[in-house]
Number of protein chains: 2
Amino acid sequence: MKEKLEIPSCQKCGARQKSVFCSLNSDQLVQLNEEKGCDFYSKGEIIFKEGSYSKGLFCVNKGKVKLSRLGQSGKEQIVRFATAGDVMGYNSMLSKRALGASAIALEDSVVCFVPAAHFFELIKQEPEFSLKMLELTAKNWDNASKLITNMAQKTTKQRLAEMLLWLKETFGLDKDDCIDVQLSREEIANMVGTATEAVIRLLADFKKNKLISLEGKRIKLLDIHGLVMIADLVD
Amino acid sequence: MKEKLEIPSCQKCGARQKSVFCSLNSDQLVQLNEEKGCDFYSKGEIIFKEGSYSKGLFCVNKGKVKLSRLGQSGKEQIVRFATAGDVMGYNSMLSKRALGASAIALEDSVVCFVPAAHFFELIKQEPEFSLKMLELTAKNWDNASKLITNMAQKTTKQRLAEMLLWLKETFGLDKDDCIDVQLSREEIANMVGTATEAVIRLLADFKKNKLISLEGKRIKLLDIHGLVMIADLVD
DNA sequence: TCAAAAGTATGATATTTGTCAGGTATCAAT
DNA sequence: ATTGATACCTGACAAATATCATACTTTTGA
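Just so we're clear, the structure is a prediction, and the values are computed from it rather than from any experiment. Along each chain, residues carry numbers from 1 onward, in the same order as the chain's sequence is written. Each chain gets a letter, beginning with A, and each ligand a number, beginning with 1, in the order they are written. Local features in this predicted model are restricted to residues of pLDDT 70 or higher, and side-chain atom pairs are both shown and tallied only at a pLDDT of 80 or more, whereas totals for entire chains, interfaces and linings draw on every residue. The basis for every side-chain value is the complete set of heavy atoms in the structure, and neither hydrogens nor water enter the calculation.

1. A look at the UniProt feature "domain: HTH crp-type" (unreviewed entry) in chain A
For step 1, the next point in the chain: UniProt positions are given in the numbering used here, feature names are shortened, and annotations may be inferred rather than shown by experiment. The UniProt entry lists residues 154–225 of chain A under the feature "domain: HTH crp-type" (unreviewed entry), expressed in the numbering used here.
For step 2, the next point in the chain: Working definition: helices are DSSP H or I runs of at least four residues, strands are E runs of at least two. Numbering for both runs from the N terminus. Counted over residues 154–225 of chain A, helix gives 54% and strand 11%. Its end C-alpha atoms are 18 Å apart.

Structure follows, in C-alpha cells:
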C-alpha cells in the first residue's frame, strides 16, 4: 500500500516552524532527519489504526488527515484533523495505551514517522521540546472540552454551523473561496454527530438562507456572521 | 472565603504515589514543599474560574472537585472530576490561554498550589516529570475523545448508564456500596448533557428495572452488567 | 420553628431528530 | 453507451427529548 518516496528533509520542512519541532537547533534537526522515516499515503489510506499501539510519533509533511474513532455499532466519529506540521499518534506512545483513534488520509499525503526511542531522547535532552509537547496537548484538551460542551448542549443545526466555521479555520480557503477540504456528507455527519440525512437537509437550509453556497462537495461560506449567530446563539 | 490551614507536607502526602509527582526524589520533594501553597475550600467554593489565567498548578490533597465550563446560555457542562492526587489548572499555564474550565469543590477539600515558575523549573530539571505530565495529558485526551464520541452518538439513557459506571470508577463506593459522591440531579444532567427532568425520569426507570437503588442523592449500582449492556449496546 | 428556597418528581405537549423507504445524480469501468 | 456502485437528496413517520406547568419534598437560614 504505502510507497517509499524521496524523504523531505526536516531542515527544509516548510511546516517545521509551526510544528512542535520549531525549537530544535540545527544539530538536533540533522539527527531528527536521520532517525525519521517517511511515507506516502494516497487518499483514503489508513495511516494507523485505532486499537493498535503506536511506536512513535507521526508528523504530517503534506496533505490532510482525519482522526476518527469507532463508536456505537461501528459508526465513525471524527475527533480532529491534522494538516502540515501537525503531529499524531503520540498519545498512545505517551500513555502506553492503545491508539484511541485511527488516522486516514483525506487526500494524497506525506507523513513522517519519528520512532519512540528518539522522541523520548528529545524529551530527555531538550526541555523546550517537552514544553512544546505539553503546550500542544494542553491546547488539544482545551479544544476537546469545548467540543464536549458543544456536543452535549447544542442542537444539530448549531453544531453544523460551528463545524463549518471550524473547517474554514482548519483548512482555509481555496482560490474560489471554498473551504479547502473535500468531505462527504457522511463524514460531515460523523463530525457533527448526526445522521447523513440531517446534514443534507441542514446544508440545503443554510443554502436557502444564503449562508453558504454548495457545488458538490465544495462549500463556500457566504455569511460568516450569520453562521456565527446560529452556532452561538438562538435558532 | 478560603482559609489557611496547616499545610500537608508533600513528603508525607498519601496521594503522591498516584500523582504526577511520584517520580520526584526527596530533595525535589523538600523543595516542592517549600514552594507550594495550600488552601482549604468548603463545599461549593470556587477554586478557580473559567476565563482567568492560571499562574500555577493545583493539586488536590483531599476532597472532590468538579471541572466544568459554561456552554449554551450559561448552562454548566461538567467535563471531568478531580480527587486526591489529581492536578488541575495546568492546561491554561501550558497553553498560555485562559482557563477553559472552572473548578468547584464538591465537598470540603484541601488543594495545594504549585507556582508556574517552580513547575517550569521541574520540567527543566527532571525529564521524568515532563514524561509524567505528558502521560497525564495523553490520558486526558483519550478520555475526552471517548466522551466526544459518546456525546455525539449515544442516547441520553446510554450516556447516563455510562456516567454512573464512570462515577463508580472515579469515586469508588462508600461503606454502603453507594457511589461515593453527592451530586444533584442537575449536576448529573450537566455531565450527561441533558435536562434535569430527563435524568430524574431515567433514574426512576433504572430503579424500576432494579439496575440501581436510590436514596436521595445516594446511588447504589445493583446490576453492573445490566448497566454495561445499556451503555454499550441496545436500548 | 417556621418560611423561603432549592431540589425532586410527574404529566402534558411540542420539537427535534433518527429511521426507513424510495428516488435521482454522478462516476468508473466494461 | 450500459451497468453497477456510490453518494446525494426528499418525504413520511416514529421515537426521543426538551420544554412548560405544577406539585411535592427536603434543606437552609433567619
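Having put the structure on the table, let's press on.
2. Some thoughts on the domain arrangement of chain A
All names here are of chain A.
For step 1, the next point in the chain: Domain segmentation is taken from an automatic or database assignment of domains. Domain boundaries assigned for chain A yield domain 1 (16–128) and domain 2 (151–231).
For step 2, the next point in the chain: For domain 1 and domain 2, the distance between their C-alpha centres works out to 27 Å.
For step 3, the next point in the chain: Between domain 1 and domain 2 lies a buried interface of about 1,000 Å² when both sides are counted; carbon and sulfur atoms form 60% of it.
For step 4, the next point in the chain: By definition here, a salt bridge exists when the distance from a side-chain nitrogen of Lys or Arg to a carboxyl oxygen of Asp or Glu is within 4 Å. Summed over the shared surface of domain 1 and domain 2, the number is two salt bridges.
For step 5, the next point in the chain: With its nearest N and O atoms 2.7 Å apart, the salt bridge here joins Glu187 to Lys66.
For step 6, the next point in the chain: Polar contacts here mean pairs of N or O atoms no more than 3.5 Å apart (in protein, one a potential hydrogen donor and the other a potential acceptor; neighbouring residues in sequence count only if both atoms are side-chain atoms). Scanning the region where domain 1 abuts domain 2 turns up seven residue pairs in polar contact (both at pLDDT 80 or more).
For step 7, the next point in the chain: Mapped onto the side of domain 1 that touches domain 2, the elements with two or more residues apiece are β4 (64–70) and β5 (76–83). Joining two parts hides part of their accessible area as seen by a 1.4 Å probe, and the buried area is that hidden amount summed over both.

3. Comments concerning the pattern of salt bridges
Residue and element names in this part refer to chain A.
For step 1, the next point in the chain: In total, this model carries 29 salt bridges over all chains according to the counting rule given.
For step 2, the next point in the chain: Residue Arg218 pairs with Asp174 through a salt bridge whose shortest N-O separation is 3.0 Å. With Arg218 in strand β10 (residues 218–221) and Asp174 in the loop between α5 (156–171) and α6 (185–192), this residue pair connects regions lying 44 residues apart in the sequence.
For step 3, the next point in the chain: Throughout, exposure labels follow a simple rule: accessible area from a 1.4 Å probe, protein chains only, divided by the maximum for the residue type, with under 20% read as buried, over 50% as exposed, and the rest as partly exposed. Since its relative accessible area comes to 23%, Arg218 is described here as partly exposed.
For step 4, the next point in the chain: For Asp174, a relative accessible area of 17% translates into the label buried.
For step 5, the next point in the chain: Where Arg218 meets Asp176, a salt bridge forms, and the shortest distance between an N and an O atom there is 2.7 Å. On the criterion of sequence distance, the pair formed by Arg218 in strand β10 and Asp176 in the loop between α5 and α6 is long-range, its members being 42 residues apart.
For step 6, the next point in the chain: A single salt-bridge network, built from bridges that share partners, covers Asp174, Lys175, Asp176 and Arg218.

4. Topic: helix α1 (residues 26–35) of chain A
Residues and elements named next belong to chain A.
For step 1, the next point in the chain: Listed as buried for α1 are Gln28, Leu29 and Leu32. For α1, the buried positions fall inside an angular range of 100 degrees around the axis, keeping them on one side. Every exposed residue of α1 that faces more than 90 degrees away from the buried side is listed here: Ser26, Asp27 and Glu34.
For step 2, the next point in the chain: Its side-chain oxygen 3.1 Å from the backbone nitrogen of Asp27, Asn25 forms the N-cap of α1. The arc refers to the directions leading from the helix axis to the C-beta atoms.

5. Some words on the protein's contact with DNA strand D
For step 1, the next point in the chain: We call a residue near a molecule or strand when any one of its heavy atoms sits within 4 Å of it. Neighbouring DNA strand D are 14 residues, the closest being Arg185, Arg201 and Lys217 of chain A together with Thr156 and Thr194 of chain B.
For step 2, the next point in the chain: Here DNA strand D approaches the protein such that, of its atoms within 4 Å, sugar and phosphate make up 59%.
For step 3, the next point in the chain: Separating a phosphate oxygen of DNA strand D from a side-chain N or O atom of Thr194 of chain B is a distance of 2.6 Å.
For step 4, the next point in the chain: Secondary-structure elements contributing two or more residues to the surface near DNA strand D are α7 (196–208) of chain A together with α7 (196–208) of chain B.

6. Some details on helix α8 (residues 224–232) of chain B
For step 1, the next point in the chain: Among the residues making up α8 of chain B, those that are buried are Gly226, Leu227, Ile230 and Ala231 of chain B. Across the axial projection of α8 of chain B, the buried residues extend over an arc of 135 degrees, all falling on one side.

7. Describing the sheet that holds strand β1 (residues 37–41) of chain B
Residue and element names in this part refer to chain B.
For step 1, the next point in the chain: In this analysis, strands are considered paired if DSSP registers two or more bridges between them. Read from one edge of the open sheet, four strands run β1-β8-β3-β6, paired in antiparallel fashion. Only two strands of the sheet have a single partner each, and these edge strands are β1 and β6 (87–88).
For step 2, the next point in the chain: Bridge count for strand β3 (residues 56–62) against strand β8 (residues 109–115) is six bridges, and the pairing is antiparallel. By the bridge assignment for β8, Leu57 is matched with Val114.

8. Let's talk about unusual backbone geometry
For step 1, the next point in the chain: With phi around 65 degrees, Asp177 of chain A is a residue other than glycine that occupies positive phi space.
For step 2, the next point in the chain: By the secondary structure assignment, Asp177 of chain A is in the loop between α5 and α6.
For step 3, the next point in the chain: Residue classification places Asp177 of chain A among the partly exposed residues on the basis of a relative accessible area of 44%.
For step 4, the next point in the chain: Of note, Lys96 of chain B is a non-glycine position whose phi angle comes to about 60 degrees, a positive value.
For step 5, the next point in the chain: If you trace the backbone, Lys96 of chain B turns up in the loop between α2 (90–95) and β7 (102–105).

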